[in-house]
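Topology and contacts: notes
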Number of protein chains: 2
Amino acid sequence: MAEASGDIQTLIDLLARLPGLGPRSARRAVLLMLKKRGQVMAPLAQAMAEVALKARDCVRCGNIGDADLCDICRNEKRANGEICVVEDVADLWAMERGRAFGGRYHVLGGTLSALDAVGPEDLRIPALIDRVSDEGVSEVILALNATVDGQTTAHYIAERLEGRVRVTSLAQGVPVGGELDYLDDGTIGAALRARRSV
Amino acid sequence: MAEASGDIQTLIDLLARLPGLGPRSARRAVLLMLKKRGQVMAPLAQAMAEVALKARDCVRCGNIGDADLCDICRNEKRANGEICVVEDVADLWAMERGRAFGGRYHVLGGTLSALDAVGPEDLRIPALIDRVSDEGVSEVILALNATVDGQTTAHYIAERLEGRVRVTSLAQGVPVGGELDYLDDGTIGAALRARRSV
Ligand SMILES: [Zn+2]
Ligand SMILES: [Zn+2]
């Protein structure tokens with residue numbers, strides 16, 4: 001397909017690679033942008049260039065932000081002493097949308113997986129263990145997906161932290177096989193409030 | 001929702017306004033871009049800025065390109081003398097994907113509409129009439145959508161050009177691969193009336 005002229009086709013091809021977009025949606029998106037070059041396309045290009053330049057992983061928790069420490073780690077209004085452990089940034093965002101947690105996060109960057117040969121040292125698990133000692137943490141809340149790998153990872157972390165800190169996990173209410181990012185905000189809040197010791 | 005930090009949230013909000021994307025797909029797209037800042041995000045921002053800067057409407061046919069005349073108008077391999085009239089650039093792209101037409105185009109920029117008070121002078125209809133005289137056109141193919149407004153527009157143009165040039169329109173019928181059971185009655189009726197000997 002090369003029906004559009006060079007630059008425009010490049011843009012369509014790049015957009016079509018994003019999740020949720022195919023060639024058809026990418027074409028429609030580009031046409032809308034072309035119609036609103038000033039209001040939509042230029043600001044979007046600007047925001048994207050800005051983020052590509054500035055975005056970096058938080059050195060403490062693994063969240064994405066625009067400085068060494070992310071917004072959440074820098075926020076003095078949030079409680080220290082509680083760390084919510086999530087697989088990735090999408091899950092952190094999902095938790096924040098639930099508006100039920102006011103502590104700190106730790107983003108693992110994935111789950112343990114025998115199949116994909118992902119071990120503890122491939123994730124931010126050693127950093128989590130260090131934080132528990134260094135930051136005077138009283139509770140670690142495991143907010144991992146209810147998948148096999150998610151639960152394997154939760155059990156592994158719970159064992160590593162046994163006797164050192166209270167470890168809890170989100171209550172049942174997260175459907176079996178369910179991914180946090182697909183849940184409605186209220187479900188996440190309810191599951192958090194009903195969390196229990198592992 | 002302000003769970004992501006400022007710039008990132010701005011980017012999500014802008015992307016979420018594109019057709020086919022909602023807040024959820026926009027978040028997933030941004031996360032993928034953040035993971036592939038170098039390979040995906042930077043080139044996308046670059047392509048977008050480039051297009052926003054360069055894109056313009058072809059002065060002859062109304063297609064979008066990067067110069068006064070679009071790629072198709074500039075292409076010397078395409079046949080003069082046949083103009084395919086379409087509503088918008090999306091339809092021009094669709095025709096090009098069909099690879100069945102090797103002539104020139106004329107993009108109206110919409111359809112006549114009594115309801116929305118769109119008259120001939122709001123579209124590129126006067127420019128089309130001029131082109132028919134100026135370019136020695138032998139056939140105008142009306143490739144307008146099979147909607148009420150599309151067909152009203154087709155009839156208006158056919159009347160204006162009557163006696164000056166051959167005016168044709170796309171055949172109506174069963175789409176290739178189309179199953180009768182899934183077609184609306186109008187399409188089946190049109191296909192039956194336009195039936196031909198095998
Ligand atoms: Zn952080
Ligand atoms: Zn043109």
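Thresholds applied
- Along each chain, residues carry numbers from 1 onward, in the same order as the chain's sequence is written.
- Here chains are named by letter from A upward and ligands by number from 1 upward, in the order in which they appear as written.
- Only residues with pLDDT of at least 70 get local features here, since the model is predicted, and only at 80 or more are side-chain atom pairs given and counted; chain-wide, interface and lining totals rely on the full set of residues.
- Hydrogens are left out, water is left out, and the side-chain values use all remaining heavy atoms of the structure.
- Here a strand is any run of E in DSSP of at least two residues, a helix any run of H or I of at least four, and the numbering for each starts at the N terminus.
- Throughout, exposure labels follow a simple rule: accessible area from a 1.4 Å probe, protein chains only, divided by the maximum for the residue type, with under 20% read as buried, over 50% as exposed, and the rest as partly exposed.
- Residue contacts are counted whenever heavy atoms from the two residues lie within 4.5 Å of one another.
- The method behind every accessible area is Shrake-Rupley, applied with a 1.4 Å probe, and residues are considered shielded solely by the protein chains displayed.
- Positive: Lys, Arg. Negative: Asp, Glu. His and the chain ends are not part of the count.
- To locate a charge, take NZ of a lysine, CZ of an arginine, CG of an aspartate or CD of a glutamate.
- Salt bridge, as applied in this entry: a Lys or Arg side-chain nitrogen positioned within 4 Å of an Asp or Glu carboxyl oxygen.
- Two N or O atoms form a polar contact when they lie within 3.5 Å of each other; inside protein one atom must be a possible hydrogen donor and the other a possible acceptor, and for residues adjacent in sequence the pair counts only when both atoms belong to side chains.
- Residue type decides the class: Asp, Glu, Lys and Arg count as charged, Ala, Val, Leu, Ile, Met, Phe, Trp, Tyr, Cys and Pro as nonpolar, and the leftover types, Gly among them, as polar.
- Donors, by definition, are the N, O and S atoms found within 2.8 Å of a metal, the threshold being 3.2 Å for Na, K and Ca, and water is not counted, so a site can look incomplete.
- Metal sites are grouped by the angles between bound donors: all angles between 85 and 135 degrees with four donors is tetrahedral, opposite donors over 155 degrees apart with the others between 65 and 115 is square planar for four donors and octahedral for six, and any other pattern is irregular.
- This arc describes the spread of directions from the helix axis toward the C-beta atoms.

1. A closer look at the overall build of chain A
When its secondary structure is counted, chain A shows eight helices and seven strands. If you line up chain A on its principal axes, its C-alpha atoms span 65 × 35 × 35 Å. The buried share of chain A, reckoned over its 198 residues, is 52%. When contacts within chain A are restricted to residue pairs at least 6 apart in sequence, long-range pairs at least 24 apart make up 54% of them. Carbon and sulfur atoms make up 48% of the accessible area of chain A, which amounts to about 9,200 Å² in all. For chain A, the distance from the average site of its 24 positive side-chain charges to the average site of its 28 negative ones is 8 Å.

2. A word on the interface of chain B and chain A
The figure often quoted for interface size is the accessible area lost as the parts come together. Listed by partner, the interface residues are 51 residues for chain B and 52 residues for chain A. Our count for the chain B to chain A interface comes out at four salt bridges. The shortest N-O distance in the salt bridge between Lys54(A) and Asp7(B) comes to 2.8 Å. Joining chain B to chain A, the criterion identifies six residue pairs in polar contact (both at pLDDT 80 or more). If you tally residues by element for the side of chain B that touches chain A, the top one is helix H3 (residues 37–54) of chain B, at 14 residues. Tallied by class, residues from the side of chain B that touches chain A come to 32 nonpolar, five polar and 14 charged.

3. Notes on the coordination of the zinc ion (ligand 1)
Residues and elements named next belong to chain A. Of the protein atoms, only Cys58 (SG), Cys61 (SG), Cys70 (SG) and Cys73 (SG) coordinate the zinc ion (ligand 1), at distances of 2.3 Å. Relative to the metal, the four donor atoms surrounding the zinc ion (ligand 1) lie at angles of 103 to 117°, and the coordination shape comes out tetrahedral. Counting residues between consecutive donors of the zinc ion (ligand 1) along the chain gives the motif C-x2-C-x8-C-x2-C. Of the residues examined, Cys58 reaches a relative accessible area of 0% and is grouped as buried.

4. Brief notes about helix H6 (residues 125–134) of chain B
Each turn of an α-helix holds 3.6 residues, which means side chains three or four residues apart point in the same direction. All names here are of chain B. Within H6, the full set of buried residues consists of Ile125, Leu128, Ile129, Arg131 and Val132. End-on view of H6: buried residues confined to an arc of 160°, all on one side of the axis. Check the buried side of H6 and you find it contacts strand E3 (82–86), strand E4 (104–107), strand E5 (139–142) and helix H7 (148–161). Following H6 by one or two positions, Gly136 adopts a phi angle in the positive range, close to 60°.

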